[in-house]
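Each chain, written out:
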Amino acid sequence: MIVLGIESSCDETAAAVVAGDRRIRSNIVLSQLDEHRPYGGVVPEIAARSHLVHLDALIARAMDQAGVKFADLDGVAATAGPGLIGGVFVGVTMGKAIAAARRLPFLGINHLEGHALTVRLSDGLDFPYLLLLVSGGHCQLVHVAGVGRHTPLGGTIDDAIGESFDKTAKLLGLGYPGGPALERAAATGNPARFDLPRPMRGRPGLDFSFSGLKTAVRHKVAALGPGLDDQTAADMAASFQAAVGDILADRCARALDVFQERTGQRGPLVAAGGVAANRAFRARLEQVARDGGTRLVAPPPPLCTDNAAMIAWAGIERLGLGLVDPLDLAPRPRWPLDQVPGPVAPPPRRRAQGARGV
Ligand code: KG4
Ligand code: ZN
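What counts and how
- Residues numbered from 1 in each chain as written.
- Chains lettered and ligands numbered in written order.
- Predicted model: local features only at pLDDT ≥ 70, side-chain atom pairs only at ≥ 80, totals over all residues.
- Heavy atoms only, no water.
- Helix = DSSP H or I, 4+ residues; strand = E, 2+ residues; numbered from the N terminus.
- Contact = heavy atoms within 4.5 Å.
- Polar contact = N/O pair within 3.5 Å; in protein donor to acceptor, adjacent residues only side chain to side chain.
- Salt bridge = Lys/Arg side-chain N within 4 Å of Asp/Glu carboxyl O.
- Pairing = 2+ DSSP bridges.
- Axes fitted to C-alpha atoms, helices over the stretch in contact; angles between N-to-C directions.
- Phe/Tyr/Trp six-rings, centres within 6.5 Å; stacked < 30°, edge-to-face > 60°.
- Buried < 20%, exposed > 50% of the residue type's maximum accessible area, 1.4 Å probe, protein only.

Just checking my understanding: could you explain the environment of asparagine 278 for this structure?
The topology assignment puts asparagine 278 in the loop between β9 (269–272) and α9 (279–291). Taking the C-alpha atoms as reference points, asparagine 278 and alanine 47, separated by 231 residues in sequence, lie 25 Å from one another. Discounting residues that sit within four places of it in the chain, asparagine 278 has contacts with Phe165, Glu183 and Gln241. A distance of 2.9 Å separates the side chain of asparagine 278 from the backbone nitrogen of alanine 280, its partner in a polar contact.

Structural data, given as structure tokens:
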């Protein structure tokens, strides 16, 4: 099975061709960073226009690199949400057009499910697993039982984790995009220099909160006065990253217990989404998994940040289950993971006649 994947939900225009045997035949990501940098963040209208300008040629390149023609495809998968709706429209419309012209099945993929299933592409992992999904717009712990079978166990009650990285990096003058810049700065900083809060740590439940941490950084930076020197910025970045690491470790350790109660199985723990590219967090979560009697499985960093291989793969998984979408599928700016349709459960077995009351 060979599927073309299209991703355009944020500031990366991406196209990929993936095969059912888990081979990534091509995977091209065109970042729009330079177009958004002057604004210090993603401008939705600029993103949508840029997807429109570049997507055609990008798909042609992805097909070329993969050495396939449209006639070789078994399906076309495009991110149908959640995301910046202008960009999602561009990708979905392109995907539908190819599917209609070539009479191929179309698959409208939930971007979060793309992240959630990547580990099956990269590592061939079996269901079920405990997923920590950490990206620019999300921070969630999810019981992944199958394709379209996701149960959220906890999530952020305020900021997403990537968002808190991006805002903190901006505050520290570390540039854009914030996540990788903050990680780089933190590598040369002293994580013990600033005493920052760890919201929700030790609390019951599996929810997260990051806004208090972000505010604490803002107050400390204000107290230091104008003109943060490089070392102080690095120390603050390291202190912030350590605080976030402690929060993630606490929540994931608890989540392993909850997951075991639900499934009778200890992990595995999976980390996915852009923030899972962070080396410090990967090391930290590996330790949490080991201490918890299981292992961490995380896709390689380029498959953690947004890409189209994960969309093509989710398409392969869904196509394999017959979960094809109609060509009038509407793109969705919001689309929680637990609303992703899965295979219809087989009807409960009817009791044999005459067995009533037995
Ligand atoms: O999954 P993703 O590429 O896009 C969304 O679906 O949101 O995640 C992007 C987020 C951004 O907030 C970015 O700053 C963050 O992931 N990120 C990182 C790192 N690389 C990307 N955060 C921390 N450390 C990193 N190395
Ligand atoms: Zn993403």
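I'm lost on the pattern of salt bridges in this one. Help?
Pairs may arise between side chains of opposite charge once their charged atoms sit close together. Tallied over the entire structure, the rule returns 13 salt bridges. Note that arginine 37 is salt-bridged to aspartate 34, the shortest N-O span being 2.7 Å. A salt bridge links aspartate 246 to arginine 201; the nearest nitrogen and oxygen atoms lie 3.7 Å apart. Of this pair, aspartate 246 sits in helix α8 (residues 230–263) while arginine 201 sits in the loop between α6 (178–186) and α7 (211–224), placing them 45 residues apart in sequence. Look at the salt bridges and you will find they share partners, linking Arg198, Arg201, Asp246 and Arg284 into a network.

What is the right way to read the sheet that holds strand β6 (residues 129–134) from this model?
Where strands meet in a sheet, backbone hydrogen bonds hold them as pairs that are either parallel or antiparallel. Read from one edge to the other, the open sheet built from five strands follows the order β8-β7-β6-β9-β10, with strand pairing classed as mixed. At either end of the open sheet lies a strand with only one pairing partner, and these are β8 (149–155) and β10 (296–297). Pairing analysis gives four bridges linking β6 to β9, with the strands arranged parallel. Along β9, the bridge assignment pairs leucine 130 with leucine 269. Against the sheet, α8 makes contact with β6, β7 (139–146), β8 and β9, and its axis sits at roughly 150 degrees relative to β6, the strand it touches most.

What am I meant to see in the packing of aromatic side chains here?
Any aromatic ring pair is given by two values, namely how distant the centres are and how the planes are angled relative to each other. The final tally for this structure, using the stated rule, is four aromatic pairs. Judged by centre distance (5.2 Å) and plane angle (75 degrees), the rings of phenylalanine 165 and phenylalanine 240 are edge-to-face. Of the two residues, phenylalanine 165 is situated in helix α5 (residues 161–171) and phenylalanine 240 in helix α8; the sequence distance between them amounts to 75 residues. For phenylalanine 240, a relative accessible area of 1% gives the class buried. What links up through ring pairs into an aromatic cluster is the set Phe165, Phe240 and Phe281.

Which parts of the structure should I look at to understand the environment of glycine 40?
With respect to the helices, strands and loops of the structure, glycine 40 is situated in the loop between α1 (33–36) and α2 (44–66). The class of glycine 40 is partly exposed, set by a relative accessible area of 27%. In this structure, the C-alpha to C-alpha distance between glycine 40 and lysine 170, residues 130 residues apart in sequence, is 7.8 Å. Excluding its chain neighbours within four sequence positions, the residues that come into contact with glycine 40 are Lys170 and Tyr176.

Any functional reading would require information that these geometric values do not contain.
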